[in-house]
Amino acid sequence: MVVRFVPLSDQNLAAVLQIEKLSNLSPWSEQSFRNEFNHTHGIARAVLLDGEVVGFGVAWLLVDECHVTNIAIHPDHRRKGLGDKLMRELLVLSREGGMTCATLEVRASNEAAQLLYEKLGFKKTALRKRYYPDNQEDAVVMWLYDLRGWDS
Ligand SMILES: CC(C)(COP(=O)(O)OP(=O)(O)OC[C@H]1O[C@@H](n2cnc3c(N)ncnc32)[C@H](O)[C@@H]1OP(=O)(O)O)[C@@H](O)C(=O)NCCC(=O)NCCS
């Protein structure tokens, strides 16, 4: 099983959009992903498993903060450690880009993602009430305060 990370591009966009539709209640548009292709303050990666696109991750780099905005793994390939590898890739690249901390929002009902983030060292710090317009769900705000000291 060979896992690789490559920049989001026209080559993997169709597969990424498909994974997004299968994973997100309010999927990002094609244009939203295209905006990330050559983002100077962002990281956008597709996950390849033995050459097949099976996931993606996007993070914005804001001053000294990595903000993970969207990640997903294809439902057929979950629980294989790929989400963990993807997050580590995003965090390592962010740190190499000078970021000192990382944050994200996650749906209150999304236990799988919360457990993944906690395993990586993120802490739940706040609740944003009715943050998601599609179903009025709360967002849990999570932080990894010390990215420099984080054990990748
Ligand atoms: C969240 C997501 C990316 C996890 O990807 P994954 O490849 O299945 O995760 P991994 O196999 O790397 O799991 C890593 C850890 O996350 C936690 N985890 C992941 N899925 C879990 C589940 N269904 N139930 C419980 N814990 C889970 C576990 O702690 C797991 O470690 P373990 O396998 O040693 O128990 C994937 O479920 C997904 O794409 N979900 C839909 C999109 C989404 O929710 N994105 C996040 C938005 S904030």
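As a reminder, the structure under discussion sits directly above these lines.
Scope of this entry: the structure provided in the associated data block. (Residues numbered from 1 in each chain as written. Predicted model: local features only at pLDDT ≥ 70, side-chain atom pairs only at ≥ 80, totals over all residues. Heavy atoms only, no water.)

Time to look at the packing of helix 3 (residues 82–96) against helix 4 (residues 111–119). For the pair helix 3 and helix 4, the least separation of the axes is 10 Å and the interaxial angle reads 50°. With respect to helix 4, the axis of helix 3 lies oblique. Helix 4 is crossed by helix 3, and the crossing has right-handed handedness. Of helix 4, the residues touching helix 3 (which contributes Gly83, Asp84 and Met87) are Leu116, Tyr117 and Lys119. Classifying every residue of the contact of helix 3 with helix 4 by side-chain character gives three nonpolar, one polar and two charged. (Axes fitted to C-alpha atoms, helices over the stretch in contact; angles between N-to-C directions. Helix = DSSP H or I, 4+ residues; strand = E, 2+ residues; numbered from the N terminus. Parallel < 35°, antiparallel > 145°, perpendicular 65-115°, else oblique. Left-handed = near helix turned anticlockwise from the far one by under 90°. Contact = heavy atoms within 4.5 Å. Nonpolar A, V, L, I, M, F, W, Y, C, P; charged D, E, K, R; others polar.)

What follows is about the site of the ligand. Neighbouring the ligand are 20 residues, the closest being Ile73, Arg79, Gly81, Gly83 and Asn110. In this structure, Arg78 approaches the ligand through a side-chain N or O atom, which is 3.3 Å from an oxygen atom. Asp84 has a polar backbone atom sitting 2.8 Å from an oxygen atom of the ligand. Considering the ligand on its own, with 920 Å² of exposed area, one finds that the protein chains cover 74% of that surface. Here the ligand occupies the largest pocket. Breaking the shell around the ligand down by element, the ones donating at least two residues are strand 4 (65–73), helix 3, strand 5 (101–107) and helix 4. A per-element tally of the shell around the ligand places helix 4 first, with six residues. (Near = heavy atom within 4 Å. Polar contact = N/O pair within 3.5 Å; in protein donor to acceptor, adjacent residues only side chain to side chain. Areas by Shrake-Rupley, 256 points an atom, 1.4 Å probe, with all protein chains shown as cover. 1 Å grid on protein atoms, 1.4 Å probe; cavity = no way out; pocket = protein on both sides within 12 Å on 5 of 7 lines; lining within 4 Å. Sits in = over half its atoms within 2 Å of the grid points.)

As a further point, take the packing of aromatic side chains. Evaluated as defined, the whole model comprises five aromatic pairs. Note on Phe33 and Phe56: the rings are 5.2 Å apart at their centroids and 90° apart in plane angle, and the pair reads as edge-to-face. Within this pair, whereas Phe33 is found in helix 2 (residues 30–34), its partner Phe56 is found in strand 3 (residues 52–62), the two being separated by 23 residues in sequence. You can call Phe33 buried: its relative accessible area is 0%. Note on Tyr131 and Tyr132: the rings are 5.0 Å apart at their centroids and 85° apart in plane angle, and the pair reads as edge-to-face. Members of the aromatic cluster, joined through ring pairs, are Trp28, Phe33 and Phe56. Of note, Arg107 hangs over the ring of Tyr132, and the distance from its end group to the ring centre comes to 4.2 Å. (Phe/Tyr/Trp six-rings, centres within 6.5 Å; stacked < 30°, edge-to-face > 60°. Buried < 20%, exposed > 50% of the residue type's maximum accessible area, 1.4 Å probe, protein only. Lys NZ or Arg CZ within 6 Å of the ring centre and 35° of its normal.)

Once that is clear, we can look at the pattern of salt bridges. Inspection of every chain in the model, using the stated rule, returns eight salt bridges. The residue Asp84 makes a salt bridge to Arg88 at a minimum N-O spacing of 2.8 Å. Here Asp84 and its partner Arg88 are both found in helix 3, four residues apart, which amounts to about one turn of the helix. In this structure Asp84 comes out as buried when scored by relative accessible area, which is 16%. Residue classification places Arg88 among the partly exposed residues on the basis of a relative accessible area of 23%. Taking the shortest distance from any N to any O, the salt bridge between Glu105 and Arg128 comes out at 2.7 Å. Here the residue Glu105 occupies a position in strand 5, and Arg128 occupies one in strand 6 (residues 123–132), the gap between them amounting to 23 residues. (Salt bridge = Lys/Arg side-chain N within 4 Å of Asp/Glu carboxyl O.)

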